[in-house]
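# Observations on the model geometry
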Amino acid sequence: MVKKIDRKIVAYKVQTRDEPQEAPAPQDDVVQMHETVLRPERLMGTTYKLKTPEHVSEHSLFITINDIILNEGTVHESRRPFEIFINSKSLEHYQWIVALTRIISAVFRKGGDVTFLVEELRSVFDPKGGYWNKGKYVPSLIAEIGNVIETHLTEIGMLKAPGLDEHQQAFLAEKKAQLQSEQEAVAPAADNGFPANAALCYKCHTKALVMKDGCMTCLNCGDSKCG
């Protein structure tokens, strides 16, 4: 095919047959999430109940995340978070809760990759100390809100579900069964299903770190000091 060049040549590139073709430009009619997208009258929402120890908050927090469906009915259909609300009977945290929800909602509506919020929130530590919730150490109430957002983003497909491959799962199951059989008569299992004398794993914040085969190994995430 002959193509007429009607402008000055400033650069060139030789493309081989094996070289992949450039990706086609995105279609103009595909709607991406950005701050000018108008809020529909109706949004799909999910509410999570967050129960914390009484010394952290006397009342439970109810976190609602509303999602917007973009390009509905097409191959480009996607579900994205649009806004977040946090409600509680406790007025102790009212000011920062309102500020936090407005900032997070603004980030949601800005579009792009909003998954960074999870790590930013989870890296907040309470100077008074964290707490244990369902066998997992939580450094602060803010961090636990980050865990809830992570759960939601995973459910709508923006984050991959954390987990181990089948070989790692089989290895950990074998090690856990061996350890439980050895310690069954000595120490009962904790509420989370791991040995009661297990130490805290600093990678997954779960009390599942035990000495096995001369190496500290986490029975929850598989992290090992021996590599």
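Residues numbered from 1 in each chain as written. Predicted model: local features only at pLDDT ≥ 70, side-chain atom pairs only at ≥ 80, totals over all residues. Heavy atoms only, no water.

## A short note on the sheet that holds strand β8 (residues 215-218)
This is how the line gets drawn: Note: two strands are recorded as paired if DSSP finds a minimum of 2 bridges between them. The way it works is that DSSP assigns letters per residue, a run of H or I at least four long becomes a helix, a run of E at least two long becomes a strand, and they are numbered from the N terminus.
If you walk across this open sheet you meet the three strands as β6-β7-β8, and the pairing is antiparallel. At either end of the open sheet lies a strand with only one pairing partner, and these are β6 (199-200) and β8. As paired elements, β6 and strand β7 (residues 207-212) share two bridges and run antiparallel to each other. Within β7, the residue paired with L200 across the bridge is K207.

## Things to note about the nonpolar core
Put simply, the test is: In these notes, a set of buried Ala, Val, Leu, Ile, Met, Phe, Trp, Tyr and Cys residues joined through side-chain atoms within 4.5 Å is what counts as a nonpolar core. Exposed residues in this analysis have more than 50% of their type's maximum accessible area, buried residues have under 20%, and partly exposed residues fall in between, with area computed by a 1.4 Å probe over protein chains only. We call two residues in contact when some of their heavy atoms are within 4.5 Å.
Ranked by internal contacts, the top residues of the largest apolar core, which has 28 residues, are I63, I84, I104, F108 and I149. Mapped onto this core, the elements with two or more residues apiece are β1 (44-50), β2 (61-70), β3 (78-87), α1 (94-110), α2 (116-122) and α3 (141-155). Among the elements that make up this core, the one with the highest residue count is α3 (seven residues). Residues contacting F108, with those up to four places away along its chain left out, are M33, I65, P81, F82, E83, I84, V114, L117 and I149. The next biggest cluster of nonpolar side chains, apart from the first, holds 11 residues, and it includes F194, A208, L209 and V210.

## A look at empty space enclosed by the protein
Operational definition: A 1.4 Å probe that fits but cannot get out identifies a cavity on a 1 Å grid over protein atoms alone, an open set with protein on both sides within 12 Å along at least five of seven lines counts as a pocket, and a residue lines either if it has an atom within 4 Å of a point. Grid points are joined across faces, edges and corners, and a volume is the space filled by probe spheres set on the points. Gly is placed with the polar residues, together with every amino acid not listed as nonpolar (Ala, Val, Leu, Ile, Met, Phe, Trp, Tyr, Cys and Pro) or charged (Asp, Glu, Lys and Arg).
According to the stated counting rule, one finds one cavity of 30 Å³ or more in the structure shown. Reported here for the largest cavity is a volume of approximately 40 Å³. Lining the largest cavity, in full, are M33, R80, P81, F108, G111, G112, V114 and M158. Its residues placed into classes, the lining of the largest cavity shows five nonpolar, two polar and one charged.

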